[in-house]
Amino acid sequence: MNNSPIGMLDSGIGGLSVWKEVKRLLPNESIVYFGDGKNCPYGGRPADEIRGFVVEAVERLLERGAKLIVLACNTATAAAVEYLRDNYDIPFVGMEPAVKPAALTSKSGVVGILATKCSLEGDLFQKTAAKYSDKVNILTAVGESFVEIVEKSQEETAEALEKVRIVVEPLVEAGVDKIVLGCTHYPFLEANMRKVIGDRDVEIIDPAHAVAERVRFLLNENDIAAEESHVADYEFISAATEDYVEKLLKKSSVIG
Ligand code: DGL
């Protein structure tokens, strides 16, 4: 038993879509969430630069006593998870591109993966996609401007809907019946995606719940779960200013 917090990190606000699922599944676990904010977005940057930011975030989380760290960011996972597992002793949970559940359940034989440039170019996605490419046709797209829209809390604007339409409509027209959210910012635009999809039969797959299940499994396996009676607390830290921490707090209270 271990009542120390779970650490979570993202380039910014996006990882809160995973934070929410972990909090719901494991209500007695404290969580300290690092939202970079200063170097966001990560997605178009080179992998080694992102790895540097992630290592700094991990060090901050370890200072706070994190017993396990969730990379609540597909881009950070693509750039750094192997390095972290090789260089630190605690368990790390990364975001897996949910190609498998999409490929195994697709009826049309065409699936869409939305992610950042860095994630789509990374080994993790390339290898996973290669495994299923004989079963389904995998179409990929970068959610251009999606991260910026979410960071500015502009999800409900007409401009956000238009940006989502530009990316999602071609996938739907190409026959996808599954769209995988391969970036943790993108679930915040799911309502817009549903508007674009309308009554066409397309399922949106968000891996956040599966990641929370993996966290539970690893806590138990390593015997580091919190006591049942433990009262959780939630802390937010950042590489940016105090205003950014306020932003994280505000968003977390709206969703969680
Ligand atoms: N939320 C992130 C991800 O899951 C990072 C997006 C970004 O900073 O570009 O990929």
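Before reading on, note that the structure itself is shown above.
Residues numbered from 1 in each chain as written. Predicted model: local features only at pLDDT ≥ 70, side-chain atom pairs only at ≥ 80, totals over all residues. Heavy atoms only, no water.

Q: Requested: an account of the overall build of the chain, with residues and values cited.
A: Within the chain, the regular secondary structure consists of 11 helices and 9 strands. A compact globule built from 256 residues should have a C-alpha radius of gyration of about 18 Å, and the chain, at 18 Å, falls within 12% of that. Along the first, second and third principal axes, the C-alpha set of the chain runs to 50 × 40 × 35 Å. In the chain, of all internal contacts separated by at least 6 residues, the share reaching a separation of at least 24 is 79%. Summing over all exposed atoms, the chain offers an accessible surface of approximately 11,700 Å²; the carbon and sulfur share of this is 48%. Of the side-chain charges in the chain, 28 are positive and 41 negative, and the distance between the mean point of each set is 3 Å. (Helix = DSSP H or I, 4+ residues; strand = E, 2+ residues; numbered from the N terminus. Rg over C-alpha atoms; globule rule 2.2 N^0.38 Å. Contact = heavy atoms within 4.5 Å. Areas by Shrake-Rupley, 256 points an atom, 1.4 Å probe, with all protein chains shown as cover. Lys, Arg positive; Asp, Glu negative; His and termini not counted. Charge placed at Lys NZ, Arg CZ, Asp CG, Glu CD.)

Q: Hey, could you go over the pattern of salt bridges for me, with residue numbers and the actual values?
A: One pass over the full model with this rule turns up 11 salt bridges. Notably, a salt bridge pairs lysine 251 with glutamate 155, separated by 2.6 Å at the nearest N-O pair. Of this pair, lysine 251 sits in helix H11 (residues 242-255) while glutamate 155 sits in the loop between helix H7 (146-151) and helix H8 (158-173); the two residues are 96 residues apart in sequence, bridging distant segments of the chain. For glutamate 203, the salt bridge identified is with lysine 178, shortest N-O distance 2.7 Å. (Salt bridge = Lys/Arg side-chain N within 4 Å of Asp/Glu carboxyl O.)

Q: Mind laying out the packing of aromatic side chains, listing which residues take part and the relevant values?
A: One pass over the structure, following the stated rule, counts 6 aromatic pairs. When the ring of phenylalanine 146 is compared with that of tyrosine 186, the centres are 5.1 Å apart and the planes differ by 75°; the resulting orientation is edge-to-face. With phenylalanine 146 in helix H7 and tyrosine 186 in the loop between strand S7 (178-181) and helix H9 (190-197), this pair connects stretches of sequence that are 40 residues apart. Assessed through its relative accessible area of 1%, tyrosine 186 is described here as buried. Through successive ring pairs, a cluster of aromatic residues spans Trp19, Tyr33, Tyr234 and Phe236. Sitting above the plane of the tyrosine 234 ring, lysine 23 keeps its charged end 5.3 Å from the centroid. Above the plane of the ring of phenylalanine 188 lies lysine 251, whose end atom (NZ or CZ) is 4.8 Å from the centre. (Phe/Tyr/Trp six-rings, centres within 6.5 Å; stacked < 30°, edge-to-face > 60°. Buried < 20%, exposed > 50% of the residue type's maximum accessible area, 1.4 Å probe, protein only. Lys NZ or Arg CZ within 6 Å of the ring centre and 35° of its normal.)

Q: Before we move on, can you summarise the packing of helix H2 (residues 47-63) against helix H3 (residues 74-87) with the specific residues and values?
A: Put simply, H2 and H3 touch, their axes get as near as 9 Å, and they point 70° apart. Comparing their axes, H3 and H2 come out roughly perpendicular. Regarding H2 and H3, the two cross each other, and that crossing is right-handed. The residues of H3 that touch H2, namely those facing Ala47, Ile50, Arg51, Val54, Val55 and Val58, are Thr75, Ala76, Ala79, Ala80, Tyr83 and Leu84. A per-class count over the contact of H2 with H3 returns 10 nonpolar, 1 polar and 1 charged. (Axes fitted to C-alpha atoms, helices over the stretch in contact; angles between N-to-C directions. Parallel < 35°, antiparallel > 145°, perpendicular 65-115°, else oblique. Left-handed = near helix turned anticlockwise from the far one by under 90°. Nonpolar A, V, L, I, M, F, W, Y, C, P; charged D, E, K, R; others polar.)

Q: Give a description of the site of the ligand that names residues and reports values.
A: The immediate surroundings of the ligand are formed by 13 residues, with Ser11, Tyr42, Gly43, Thr75 and His185 found nearest. Within the side chain of threonine 75, an N or O atom sits 2.5 Å from an oxygen atom of the ligand. Look at the ligand: alone it shows 300 Å² of surface, and the protein chains cover 99% of it. In terms of residue class, the shell around the ligand is made up of 5 nonpolar, 7 polar and 1 charged. (Near = heavy atom within 4 Å. Polar contact = N/O pair within 3.5 Å; in protein donor to acceptor, adjacent residues only side chain to side chain.)

Q: How would you sum up H2? Please name residues and give values.
A: An ideal rise of 1.5 Å per residue puts 24 Å on 17 residues; H2 measures up with 24 Å between its terminal C-alpha atoms. Turning to H2, its buried residues number three or more, namely Ile50, Phe53, Val54, Ala57, Val58 and Leu61. Projection of H2 onto a plane perpendicular to its axis shows the buried side chains occupying an angular sector of 140°, all on one side. Seen from the open side of H2, the exposed residues pointing more than 90 degrees away from its buried face are Asp48, Glu56 and Glu63. (Expected span 1.5 Å × (residues − 1). Arc of directions from axis to C-beta.)

Q: Account for the side chain of threonine 77, with residues named and values stated.
A: Note on placement: threonine 77 falls in helix H3. In contact with threonine 77, other than residues within four places in its own chain, are Leu71, Gly94, Met95 and Leu124.

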